[in-house]
Amino acid sequence: MVGSNQVERIALDIGFHACGVSRVERLGALEGIYSNWLGNGYHGSMSYMERNFELRLDPSNLVSGAKSVISVLLSYNTGDLSINIKPPRIARYAARADYHFLMKRMLWEMLNQLRECYGKVNGRAFVDSAPVFEREWAVRAGLGWIGKNSMLINRELGSYIFIGELIVDIEIEPNARMERNRCGTCTRCMDACPNKAIIVPGVIDARKCISYLTIERNEPIATGEVANLDGWCFGCDICQEVCPWNRKAKKVDGLAQGTKTFEGISAMQLANLSKVEFTNQFGNTPLSRAGYEKIKRTVELITGGKP
Ligand code: SF4
Ligand code: SF4
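Residues numbered from 1 in each chain as written. Chains lettered and ligands numbered in written order. Predicted model: local features only at pLDDT ≥ 70, side-chain atom pairs only at ≥ 80, totals over all residues.

1. Focus: the overall build of the protein
The helix and strand tally for the protein stands at 14 helices and ten strands. For the protein, the C-alpha radius of gyration of 20 Å lies close to 19 Å, the compact-globule estimate for 307 residues. Overall size of the protein, expressed as C-alpha extent along the three principal axes, is 60 × 40 × 35 Å. A burial count over the protein gives 38% of its 307 residues as buried. Restricting to contacts in the protein with at least 6 residues of sequence separation, those with at least 24 account for 79%. (Helix = DSSP H or I, 4+ residues; strand = E, 2+ residues; numbered from the N terminus. Rg over C-alpha atoms; globule rule 2.2 N^0.38 Å. Buried ≥ 20, exposed ≤ 12 C-beta atoms within 10 Å, placed from the backbone. Contact = placed C-beta atoms within 7 Å.)

2. Digging into the site of ligand 1
Contacts to ligand 1 come from Asn149, Cys193, Asn195, Ala197, Ile198, Ile204, Cys209, Ile210, Ser211, Cys236, Ile238 and Cys239. Considered class by class, the residues forming the shell around ligand 1 number nine nonpolar, three polar and no charged. (Near = placed C-beta within 6 Å. Nonpolar A, V, L, I, M, F, W, Y, C, P; charged D, E, K, R; others polar.)

3. Re the nonpolar core
Ranked by size, the top nonpolar core spans 76 residues in total, and within it Phe16, Ile70, Leu73, Met103, Ile161 and Phe234 carry the most contacts. Residue assignment places this core across two domains, with domain 1 (4-168) and domain 2 (188-249 + 263-303) each supplying three or more. Those residues in contact with Phe234 that sit more than four places away from it in its chain are Ile90, Ala91, Ala94, Thr214, Ile215, Leu287, Ala290 and Ile295. (Core = buried A, V, L, I, M, F, W, Y, C linked by C-beta atoms within 7 Å. Domains from an automatic or database assignment.)

4. Quick look at the domain arrangement of the protein
By domain assignment, the protein separates into domain 1 (4-168) and domain 2 (188-249 + 263-303). For domain 1 and domain 2, the distance between their C-alpha centres works out to 22 Å. On the domain 2 side, the residues contacting the 35 residues of domain 1 number 42 residues. If you list the elements that add at least two residues to the side of domain 1 that touches domain 2, you get α4 (82-85) and β3 (89-90).

5. A look at the packing of helix α1 (residues 4-14) against helix α5 (residues 99-118)
Running from N to C, α1 and α5 point in directions that differ by 140°, and their axes come no closer than 10 Å. In terms of orientation, α1 and α5 fall into the oblique class. You can see that α1 and α5 cross each other, and the crossing is right-handed. For the pair α1 and α5, the contacting residues are Ile10, Ala11 and Ile14 in the first and Met106, Glu109, Met110, Gln113 and Leu114 in the second. (Axes fitted to C-alpha atoms, helices over the stretch in contact; angles between N-to-C directions. Parallel < 35°, antiparallel > 145°, perpendicular 65-115°, else oblique. Left-handed = near helix turned anticlockwise from the far one by under 90°.)

6. Let's talk about the site of ligand 2
As a matter of local geometry, ligand 2 sits amid Gly147, Lys148, Asn149, Cys183, Cys186, Thr187, Arg188, Cys189, Val242, Cys243, Pro244 and Trp245. Residue assignment for the shell around ligand 2 shows that the elements contributing at least two residues are α7 (188-192) and α10 (244-247). Considering only residue class, the shell around ligand 2 consists of seven nonpolar, three polar and two charged. Split by domain, the shell around ligand 2 shows at least three residues from each of two domains, domain 1 (4-168) and domain 2 (188-249 + 263-303).

7. Some thoughts on α5
End to end, α5 covers 28 Å across 20 residues, agreeing with the expected 28 Å (1.5 Å per residue, within 8%). Listing the buried residues of α5 in full gives Tyr99, Leu102, Met103, Met106, Leu107, Met110 and Leu114. Relative to the axis of α5, the buried residues are bounded by an arc of 125° and lie together on one face. Residues Phe101, Asn112 and Glu116 are exposed on α5 and point more than 90 degrees away from its buried face. (Expected span 1.5 Å × (residues − 1). Arc of directions from axis to C-beta.)

8. Regarding α1
Because each turn of an α-helix spans 3.6 residues, side chains separated by three or four positions in sequence point in the same direction. Of the residues making up α1, those classed as buried are Ser4, Val7 and Ala11. Down the axis of α1, the sector holding all buried residues measures 65°, keeping them to one side. Those residues of α1 that are exposed and angled more than 90 degrees off the buried face are Asn5 and Asp13. In this fold, the buried residues of α1 make contact with β1 (18-23), β2 (68-75) and α5. Positive phi shows up at Gly15, right after α1, with a value of about 125°.

9. Points about the sheet that holds strand β4 (residues 123-126)
With antiparallel pairing, the four strands of this open sheet are ordered in space as β1-β2-β7-β4. Each edge of the sheet is formed by a strand with only one pairing partner; in this case those strands are β1 and β4. If you compare each strand with its neighbour and ignore which way they point, the axes differ by 20° on average. Both β2 and strand β7 (residues 161-168) contribute to a ladder of eight bridges, which runs antiparallel. Counterpart to Ser75 in the pairing with β7 is Ile161. Along the sheet face, α1 touches β1 and β2 and points at about 140° away from the line of β1. Packed on one face of the sheet, α5 meets β2, β4 and β7 and runs near 35° to β7. (Pairing = 2+ DSSP bridges.)

Here it is in structure tokens:
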């Protein structure tokens, strides 16, 4: 069996900030929780979440002969707060090149190195791109706990982190210890959420969540809903900003490979961009997920057309 320390060393050398390993097994305990969440309609119009239920529960359906899930974390806690200070605000993770591409490249590199060290390894890399319960695997790998705001919280890195996985067919020693939930009696995230979208600890009604309203919902935002956006035009960081674990979290210099942020962008700049300019400037960032028309409309609603 391959030692988890060796795998962690490879991950850290590539530039990930943390790595852990868990054994592949069916996530039977999540079945009821997830179907209740869907049954309550908390996913809104994100119908893709209803699909591939069985794949989500059992990663051996994703990689033939899968034995281990390697979870990795990449912090984006670079301390660049200015994009959040003045409306229209952008969630921190979106203020840089799309993390999917960067993390996928890093995970493929890791898979290559595993092959160099351990011979034939069948595996696949996942970053939000397939039906994988990534937070649950990260918890099982000892990388943190799921906070009342439903985010994965790592004791050192906080929750401004991207999560990725390599599911492989080699047996790697799993991490021996899971992190205990360290939220304790704190309820700051639940109290701070402007729309009370955190229904009970760890459960979000996406239909009320600003991230969903500004990014995922198919239906356009109505004029009467502007107050619900609390000044955000893409995503929302409130329930992470108030979290004490982020206050003391380690800052990182920048994401690997020098991806730059667009710290300091103003409402005026966003509202006045043409579609071509938007694509040139933000085409490779997560903002393109919502798209030009949606962001422009949201910015105009927030600023009353006067950025
Ligand atoms: S992201 Fe914002 S709206 Fe969504 S649960 Fe957190 S605080 Fe509430
Ligand atoms: S704000 Fe408090 S309750 Fe919410 S996730 Fe952070 S520690 Fe947990």
